[in-house]
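The lines below spell out each chain.
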Amino acid sequence: MVKLNVKNLLKQKKKTKYWLFNQLNNVGNISYTNFNNLIENKTQSIKYSNIEKLCKILECEPNDLFTISIDN
């Protein structure tokens, strides 16, 4: 299963979800519910534009945003 790794990236950068939510709203408009579902991996899809925004804000590559876990 592919999951977003945003929480770990935030922890490494010593930033909060609230900080990221504010940064995302500076470059676009996302509701807190949609944002929280995205960060908590409760969504089935993510727009390319959101991947790009997250990469710019977190100063990372798309590869850094995702992890793959094999559930048996």
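Conventions adopted
Residues numbered from 1 in each chain as written. Predicted model: local features only at pLDDT ≥ 70, side-chain atom pairs only at ≥ 80, totals over all residues. Heavy atoms only, no water. Helix = DSSP H or I, 4+ residues; strand = E, 2+ residues; numbered from the N terminus. Axes fitted to C-alpha atoms, helices over the stretch in contact; angles between N-to-C directions. Parallel < 35°, antiparallel > 145°, perpendicular 65-115°, else oblique. Left-handed = near helix turned anticlockwise from the far one by under 90°. Contact = heavy atoms within 4.5 Å. Nonpolar A, V, L, I, M, F, W, Y, C, P; charged D, E, K, R; others polar. Buried < 20%, exposed > 50% of the residue type's maximum accessible area, 1.4 Å probe, protein only.

Q: So what exactly am I meant to see when it comes to the environment of Tyr48 here?
A: By the element assignment, Tyr48 lies in helix α4 (residues 48-58). Residues Tyr48 and Lys7 lie 41 residues apart in sequence; the distance between their C-alpha atoms is 19 Å.

Q: How should I be thinking about the packing of helix α2 (residues 17-27) against helix α3 (residues 32-39) in this particular structure?
A: In a pair of packed helices, the angle between the axes and the distance between the axes together describe the arrangement. Contact pair α2 / α3: the axes reach a minimum separation of 11 Å and the direction vectors enclose 125°. On the basis of the axis angle, α2 is oblique to α3. In this structure, α2 crosses over α3, and the sense of that crossing is right-handed. Each of Lys17, Leu20, Phe21 and Leu24 in α2 lies in contact with α3, whose residues at this interface are Tyr32, Phe35, Asn36 and Ile39. Residues of the contact of α2 with α3, tallied by class, amount to six nonpolar, one polar and one charged.

Q: Got a minute to help me understand unusual backbone geometry in this structure?
A: It is generally the case that most residues other than glycine have a negative phi and that most peptide bonds are trans. Positive phi, normally seen in glycine, also occurs at Lys14, with a value near 55°. On the secondary structure map, Lys14 appears in the loop between α1 (6-12) and α2. The phi angle at Asn41 is positive, at roughly 60°, despite the residue not being glycine. For Asn41, the location among the structural elements is in the loop between α3 and α4. On the basis of relative accessible area, Asn41 is assigned to the partly exposed category, the value being 32%.

Q: I'm lost on the packing of α2 against α4 in this one. Help?
A: Two elements in contact, α2 and α4, have axes whose closest approach is 10 Å; the angle formed by their N-to-C orientations is 120°. Judged by the inter-axis angle, α2 sits oblique to α4. Taken as a pair, α2 and α4 cross one another with a handedness that is right-handed. On α4, the residues touching Trp19, Leu20, Gln23, Leu24 and Val27 of α2 are Lys53, Leu54, Ile57 and Leu58. Residues that form the contact of α2 with α4 fall into these classes: seven nonpolar, one polar and one charged.

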